[in-house]
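Residue-level structure breakdown
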Amino acid sequence: GGGGGGGGRGKGGSKTDAKTGAVAKKPASGPQKNEDARKALALALETGEPVFGRVEVANRGGLILRIFNGRFRAFLPLSQMASSRTASIKGRH
């Protein structure tokens with residue numbers, strides 16, 4: 001699950017977050033999209049804000065996630081997971 005919160009439309013089709021008033025621009029593509037993802041993750045790390053994602057693919061090496069409302073893909077290595085839910089992925093039954 002991800003964070004909630006409605007939001008309205010701001011100028012130019014951008015979306016305004018109802019809680020923070022932050023305006024999200026249209027998603028970038030290519031190198032700019034990667035830079036935007038790095039900045040968003042760095043900010044989350046600095047502020048201690050959790051990053052929520054949805055599992056897109058599970059494989060032997062870990063999980064591929066969609067984060068920031070599906071805007072970015074991320075890889076979560078299996079070695080970084082500590083959950084009983086990962087037992088089937090890790091091959092333990």
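Residues numbered from 1 in each chain as written. Predicted model: local features only at pLDDT ≥ 70, side-chain atom pairs only at ≥ 80, totals over all residues. Heavy atoms only, no water.

A word on the pattern of salt bridges
Note the following rule: A pairing counts as a salt bridge when a side-chain nitrogen of Lys or Arg comes within 4 Å of a carboxyl oxygen of Asp or Glu. Going along the chain from the N terminus, every DSSP run of H or I of four or more residues is numbered as a helix, and every run of E of two or more is numbered as a strand.
In total, this model carries three salt bridges according to the counting rule given. A salt bridge links E56 to R66, with the shortest nitrogen-to-oxygen separation between them at 2.8 Å. Here E56, found in strand β4 (residues 53-59), pairs with R66, found in strand β5 (residues 62-67); they are ten residues apart in sequence, far enough to count as distant. The residue R73 makes a salt bridge to E56 at a minimum N-O spacing of 3.2 Å. Of this pair, R73 sits in strand β6 (residues 72-77) while E56 sits in strand β4; the two residues are 17 residues apart in sequence, bridging distant segments of the chain.

Some details on unusual backbone geometry
Test applied: For every residue, the accessible area obtained with a 1.4 Å probe (protein chains only) is divided by the maximum for its type, and the residue is called buried under 20%, exposed over 50%, and partly exposed between those limits.
Although it is not a glycine, F68 sits at a positive phi angle of roughly 55°. Among the secondary structure elements, F68 is positioned in the loop between β5 and β6. When its relative accessible area of 25% is taken as the criterion, F68 is described as partly exposed. With phi around 55°, N69 is a residue other than glycine that occupies positive phi space. If you trace the backbone, N69 turns up in the loop between β5 and β6.

Here we look at the layout of surface pockets
Our working definition: Buried and open spaces are told apart on a 1 Å grid over the protein atoms alone, a cavity being a set of points where a 1.4 Å probe fits but cannot get out and a pocket being an open set with protein on both sides within 12 Å along at least five of seven lines. Residues with an atom within 4 Å of a point are the lining residues. Grid points are joined across faces, edges and corners, and a volume is the space filled by probe spheres set on the points. Any residue that is not Ala, Val, Leu, Ile, Met, Phe, Trp, Tyr, Cys, Pro, Asp, Glu, Lys or Arg is counted as polar, Gly included; the first ten are nonpolar and the last four charged.
One number sums up the size of the second largest pocket: a volume of about 240 Å³. Around the second largest pocket sit twelve residues that line it, and V51, G53, L65, I67 and L76 are the ones nearest its centre. Mapped by element, the contributors of at least two residues to the lining of the second largest pocket are β4, β5 and β6. A breakdown of the residues in the lining of the second largest pocket according to their chemical character gives ten nonpolar, two polar and no charged.

Observations concerning the confidence of the model for the protein
What counts here: Per-residue confidence from the prediction method is given by pLDDT, with values spanning 0 to 100. Any two residues whose heavy atoms approach within 4.5 Å at even a single point are treated as in contact.
Residues of the protein with pLDDT of at least 70 account for 57%, and the chain-wide mean is 73. Every residue in residues 1-14 is under pLDDT 50, and counting partners more than four places away or in other chains gives 21 contacts.

Looking at the environment of V51
One can find V51 in the loop between α1 (31-47) and β4. Residues V51 and L41 lie ten residues apart in sequence; the distance between their C-alpha atoms is 7.9 Å. With residues near it in sequence (within four places) discarded, V51 still touches L41, A44, I67 and F68.

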